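The residues making up each chain are set out below.
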There are 2 protein chains.
Amino acid sequence: MDRALARTWLTTAVEEARTGLAEGGIPIGAALYGADGTLLGRGHNRRVQDGDPSLHAETAAFRAAGRQRSYRGTTMVTTLSPCWYCSGLVRQFGISRVLIGEDVTFRGGHDWLAEHGVKIVLLDDEECIGLMRDFIAGNPDLWNEDIGVN
Amino acid sequence: MDRALARTWLTTAVEEARTGLAEGGIPIGAALYGADGTLLGRGHNRRVQDGDPSLHAETAAFRAAGRQRSYRGTTMVTTLSPCWYCSGLVRQFGISRVLIGEDVTFRGGHDWLAEHGVKIVLLDDEECIGLMRDFIAGNPDLWNEDIGVN
């Protein structure tokens, strides 16, 4: 995809991540864009804020988009490589593309998605890396809880 | 696992599925049991009721259980074979076992989970099969929407 558009869409997810951080939460953000470029939904991780472990950023954005008849042509934008839960979401609902801010601090299931026909656009965004690196260093237990490491 | 216990736990998920059906929703229910047999959370598909596509039954039960430090030893009980989204949930959070009512009307990712060390207990429950068979026959579009088929 066009790099300038990718950067613009990633900005939406980064804004969500920063909102989550400001709320005392885990700084991961996501946004779901339609085939025509319309923003369908956006959200961020809400484990801390809502005490809800199911609201990873991608699920929050998917939920905010409401019921859709089809996800063909949609793009899930996320600041961080999607975990298995969020990768499964993308595969099950036929989301066509995933735009990822970084996979340096955590590497989820995006190779598996690529094997199953999902287009992956991986940036190496320093802002996304910095957000997670700082958060993990300061909150290792919370981070491990969020990814089921124990 | 003990078959009598499996039947008892499945009953919880079936009750959830029937509650969902009575609400006009998709009749899939789930429950998360702790390593010591405590019921941690239960829920059912809420796509229709809440207009929320993220609340598959397994995610609803996981959400209802709130934040947990570890899922080691837990069992996800579900009336229907878990889709990729819910299979990803099980894998990411290290849920140890999945007890499934049936995989006749829909077959999700439970073989993949077994390959990755999750213990699978598959029943061939006629009540679960009947609930889904009737629902799918009467609501094919809604069912396809719920599993991303379009």
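Residues numbered from 1 in each chain as written. Chains lettered and ligands numbered in written order. Predicted model: local features only at pLDDT ≥ 70, side-chain atom pairs only at ≥ 80, totals over all residues. Heavy atoms only, no water.

> Just to check I follow, could you spell out the packing of helix H3 (residues 57-64) of chain A against helix H4 (residues 84-93) of chain A for this structure?
The relative placement of two packed helices is expressed as an angle between their axes plus a distance between the axes. Residues and elements named next belong to chain A. At a closest axis distance of 8 Å, the pairing of H3 and H4 adopts a crossing angle of 35 degrees. From H3, Glu 58, Thr 59 and Phe 62 reach across to H4, where they touch Tyr 85, Cys 86, Leu 89 and Phe 93. Grouping the amino acids of the contact of H3 with H4 by side-chain chemistry returns five nonpolar, one polar and one charged. (Axes fitted to C-alpha atoms, helices over the stretch in contact; angles between N-to-C directions. Helix = DSSP H or I, 4+ residues; strand = E, 2+ residues; numbered from the N terminus. Contact = heavy atoms within 4.5 Å. Nonpolar A, V, L, I, M, F, W, Y, C, P; charged D, E, K, R; others polar.)

> In this structure, what is going on with the pattern of salt bridges? I would like to understand it.
Where charged atoms from two side chains of opposite charge come close, those side chains can pair. Under the defined criterion, the tally for this structure stands at 24 salt bridges over all chains. In this structure, the salt-bridge partner of Arg 46 of chain A is Glu 23 of chain A, at a minimum N-O distance of 3.8 Å. Linking Arg 46 of chain A in the loop between strand S2 (39-44) and helix H2 (47-50) with Glu 23 of chain A in the loop between helix H1 (3-22) and strand S1 (29-33), this pair joins segments that are 23 residues apart in sequence. Note that Asp 50 of chain B is salt-bridged to Arg 46 of chain B, the shortest N-O span being 2.7 Å. For Asp 50 of chain B, a relative accessible area of 42% gives the class partly exposed. (Salt bridge = Lys/Arg side-chain N within 4 Å of Asp/Glu carboxyl O. Buried < 20%, exposed > 50% of the residue type's maximum accessible area, 1.4 Å probe, protein only.)

> In this structure, what is going on with the side chain of Thr 74 of chain A? I would like to understand it.
Residues and elements named next belong to chain A. Structurally, the position occupied by Thr 74 is in the loop between H3 and strand S3 (75-78). A polar contact of 2.6 Å, which involves the side chain of Thr 74, links it to the backbone oxygen of Tyr 71. Dropping the residues within four chain positions of it, Thr 74 is found in contact with Leu 32, Tyr 33, Gly 34, Ala 35, Leu 40, Ile 95, Ser 96 and Arg 97. (Polar contact = N/O pair within 3.5 Å; in protein donor to acceptor, adjacent residues only side chain to side chain.)

> Can you walk me through the sheet that holds strand S5 (residues 119-122) of chain A in this structure?
Whenever strands of a sheet pair, they do so through backbone hydrogen bonds, lying parallel or antiparallel. All names here are of chain A. The strand order across the open sheet formed by five strands is S2-S1-S3-S4-S5, and the pairing between neighbours is mixed. Where the open sheet ends on each side, the last strands, each with one partner, are S2 and S5. Sheet twist, expressed as the mean angle between neighbouring strand axes with direction ignored, is 15 degrees. Alignment of S1 against S3, held across four bridges, turns out to be antiparallel. Bridge pairing links Ala 31 to Val 77 in S3. In this fold H3 packs onto S1, S2 and S3, with an angle of close to 140 degrees to the strand it touches most, S2. (Pairing = 2+ DSSP bridges.)

> Got a minute to help me understand the packing of aromatic side chains in this structure?
The relative placement of two aromatic rings is captured by the distance of their centres and the angle of their planes. By the definition in use, this model includes 18 aromatic pairs over all chains. Centre to centre, the rings of Phe 106 of chain A and Trp 143 of chain A are 5.8 Å apart; their planes meet at 90 degrees, and the pair counts as edge-to-face. In this pair, Phe 106 of chain A sits in the loop between strand S4 (97-100) and helix H5 (110-115) while Trp 143 of chain A sits in helix H7 (residues 140-146), placing the two residues 37 residues apart along the sequence. Both residues of the pair, Phe 106 of chain A and Trp 143 of chain A, count as buried. One aromatic cluster in this structure is built from Phe 62, Tyr 71, Tyr 85 and Phe 93 of chain A together with Phe 62, Tyr 71, Tyr 85 and Phe 93 of chain B. (Phe/Tyr/Trp six-rings, centres within 6.5 Å; stacked < 30°, edge-to-face > 60°.)

> Which parts of the structure should I look at to understand the sheet that holds strand S3 (residues 75-78) of chain B?
Residue and element names in this part refer to chain B. Strand order across the open sheet formed by five strands is S2-S1-S3-S4-S5, with mixed pairing between neighbours. With one partner strand each, in any of the chains shown, strand S2 (39-44) and strand S5 (119-122) form the two edges of the open sheet. Within the sheet, the average angular offset between the axes of one strand and its neighbour, ignoring direction, is 15 degrees. For S3 and strand S4 (residues 97-100), the ladder comprises four bridges, and the chain directions are parallel.

> What is the right way to look at the UniProt feature "domain: CMP/dCMP-type deaminase" (unreviewed entry) in chain A in this model?
Sites flagged by UniProt as "domain: CMP/dCMP-type deaminase" (unreviewed entry) map to residues 4-120 of chain A. Spanning residues 4-120 of chain A, this segment combines 40% helix with 18% strand, and its end C-alpha atoms are found 16 Å apart. (UniProt positions renumbered as here; feature names shortened; annotations may be inferred.)

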